[in-house]
Amino acid sequence: MTRRQAEVAGPLDAFRQFFSLQRDVLVLSLAMFAFSLGFQMTNRFLPEYLVFLGATGFVVGLFATLGNVIGAVYPYYGGVVSDRVGSRYALTVFGFVSSLGFAIWLVAAYAPTIDLVAFAVEPWVWVFVGLLLAQCWKSFGIGGHYAIVKQATEPSRLARGFASTETFRRTAFLIAPLLVAVLVADELLPGFLWVLAIAIVFALLGTVAQHLLYDADADTVGKEFEGFGQIRDDLRALPDPLRPLLVADTFVRFANGMVYVFFILVITQLMDIGLTATLPAVGTVDLSPAAFFGVLLGVEMLVALLTMAPAAKIAEHTGLKPVVGFGFFVYAIFPVLLIFGPEYVGAIDEVWVLIALFAFSGLRFAGLPAHKALIVGPAERGAGGRVTGSYYFLRGAIVIPSGALGGYLWQFVSPEVSFTIASVVGMIGVAYFALFGTEFAAYE
């Protein structure tokens, strides 16, 4: 690593360091870029798609809960497989399975209601089926991603290593919602069907690219999976620095899980706010609320890209804990700001308030590289995937009911109550981490 590459201070430097990393990190991240385009073009807009297909707010919450189940179960076994046999062929299979999931989402728009003896199968049910498949590559790849970056990066620079790959990957998070905003400028459909078709193409391209280019010779291999008893043993063996982080992270993620899928519905249903703008050489552009939500996600990701690499550099001087704690705080406070903020701003245009709020939300990603470094840093070589998978398995298992709880409160109590409770739960996690969180030794 050159002296210049060692002084990562901004997003462009993060890109330069990214392209100096080992080939396996580069190839995997290129595949992640392609899949991230597909996921971000679809997942954040699926709640509105579900409502279009006839789902209620509670069903949307159940959809989030299914996502939580996947988030709990898939990464652990992905981490086990990554440590045991390497990632190439497994990621290829899961890439094709994810592509099939995107295709099922597309077909759901044309599916009829199927009347059975005891109940009717509504079209939105197929969105649930598609989720089981579409999330395979993303959730399976967590362990492999963490382990590969750990193998390619010095312990004291783990935050920077993750900042480099995250900056590249999250460029897709910036591009994707803006593409959706163009395609759904007037209304959600038929533009969103084109979004799904494009997602299928990107998923297939990412799968083929990583299979052909990824060199798995550098993979380290851990012990053989020994059954469900190993899950218990791996959880007990989590490094001590992870325990307070896991508790705090679980509170914060439970809070986020209560409201995350409803952010788009706040914009499209509760507020029903679109965007009218005059652009040079284009003229006046009227965007639907769904399209405006895409613009807001683009603003969020732009701030994330501008802050992740500097935050990773700061973490080398302040330690990981302050940076991670700030990210947790943004996660926790955002729901209550979103649901109440635009109502109490007086003469300020709601559009600008929402843009400012989503820009603030982008700061939560500033702590993400440091968060990942704090998770995988204490792990032994050859066990990075298993440690990561164990961490996400336990966190995800506890967070599972958050979506259903948020959906129940949204539909049967009020969105305001749901978002307020979420922020309270999140702030409990922030306070716990401030009191009990510890550093990874390389950053002390």
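Data block above holds the structure.
This structure is a prediction, so every number in the text was calculated from the model and none was measured.

### Considerations on the side chain of Arg 364
Relative to the helices and strands, Arg 364 resides in the loop between α16 (350-361) and α17 (368-376). The class for Arg 364 is buried, based on a relative accessible area of 6%. Within polar-contact distance, the side chain of Arg 364 engages the side chain of Tyr 331 at 3.1 Å. Non-local contacts of Arg 364, meaning those with residues more than four positions away in its chain, are made with Arg 44, Tyr 260, Glu 300, Gly 327, Val 330 and Tyr 331.

### Some details on unusual backbone geometry
When glycine is set aside, most residues are seen to have a negative phi, and most peptide bonds are trans. Of note, the bond from Leu 189 into Pro 190 is cis; its omega dihedral lies within 30 degrees of zero at 10°. With respect to the helices and strands, the residue Pro 190 is situated in the loop between α9 (158-183) and α10 (191-213).

### What about the nonpolar core?
Counting 79 residues, the largest nonpolar core has Tyr 49, Val 127, Phe 192, Phe 292 and Phe 419 as its most contacted members. Excluding anything up to four places from it in sequence, Phe 292 contacts Ile 267, Ile 273, Gly 274, Leu 275, Leu 287, Val 351, Leu 354 and Ile 355.

### Digging into the packing of aromatic side chains
When we look at a pair of aromatic rings, we describe it by the centre distance and by the angle of the planes. Counted under the stated rule, the structure contains 18 aromatic pairs. Ring centres 5.4 Å apart and planes at 75° place the aromatic pair Phe 328 and Phe 433 in the edge-to-face group. Separated by 105 residues along the polypeptide, Phe 328 in helix α15 (residues 320-340) and Phe 433 in helix α20 (residues 415-436) bring together distant segments of the chain. Under the relative-accessibility criterion, Phe 328 is labelled buried at 3%.

### Points about the pattern of salt bridges
Applying the stated rule across the entire model yields four salt bridges. We note a salt bridge from Arg 44 to Glu 300, for which the minimum N-O separation is 3.8 Å. Of this pair, Arg 44 sits in the loop between α3 (23-42) and α4 (46-52) while Glu 300 is found in helix α14 (residues 289-318), placing the two residues 256 residues apart along the sequence. On the basis of relative accessibility, which here comes to 5%, the residue Arg 44 falls in the buried class.

### Some thoughts on α20
An α-helical turn contains 3.6 residues, so a residue and the one three or four places further along point in the same direction. Taking 1.5 Å per residue, 22 residues should reach 32 Å; α20 reaches 32 Å between its end C-alpha atoms and fits that length. Inspection of α20 places Pro 415, Ser 418, Phe 419, Ala 422, Ser 423, Val 425, Gly 426, Gly 429, Val 430 and Phe 433 among the buried residues, and these make up the whole buried set. In a view along the axis of α20, the buried residues occupy a sector of 165°, so they form one face of it. Those residues of α20 that are exposed and aimed more than 90 degrees away from the buried face are Ala 434 and Leu 435.

The rules behind each value
- Residues numbered from 1 in each chain as written.
- Predicted model: local features only at pLDDT ≥ 70, side-chain atom pairs only at ≥ 80, totals over all residues.
- Heavy atoms only, no water.
- Helix = DSSP H or I, 4+ residues; strand = E, 2+ residues; numbered from the N terminus.
- Buried < 20%, exposed > 50% of the residue type's maximum accessible area, 1.4 Å probe, protein only.
- Polar contact = N/O pair within 3.5 Å; in protein donor to acceptor, adjacent residues only side chain to side chain.
- Contact = heavy atoms within 4.5 Å.
- Core = buried A, V, L, I, M, F, W, Y, C linked by side-chain atoms within 4.5 Å.
- Phe/Tyr/Trp six-rings, centres within 6.5 Å; stacked < 30°, edge-to-face > 60°.
- Salt bridge = Lys/Arg side-chain N within 4 Å of Asp/Glu carboxyl O.
- Expected span 1.5 Å × (residues − 1).
- Arc of directions from axis to C-beta.

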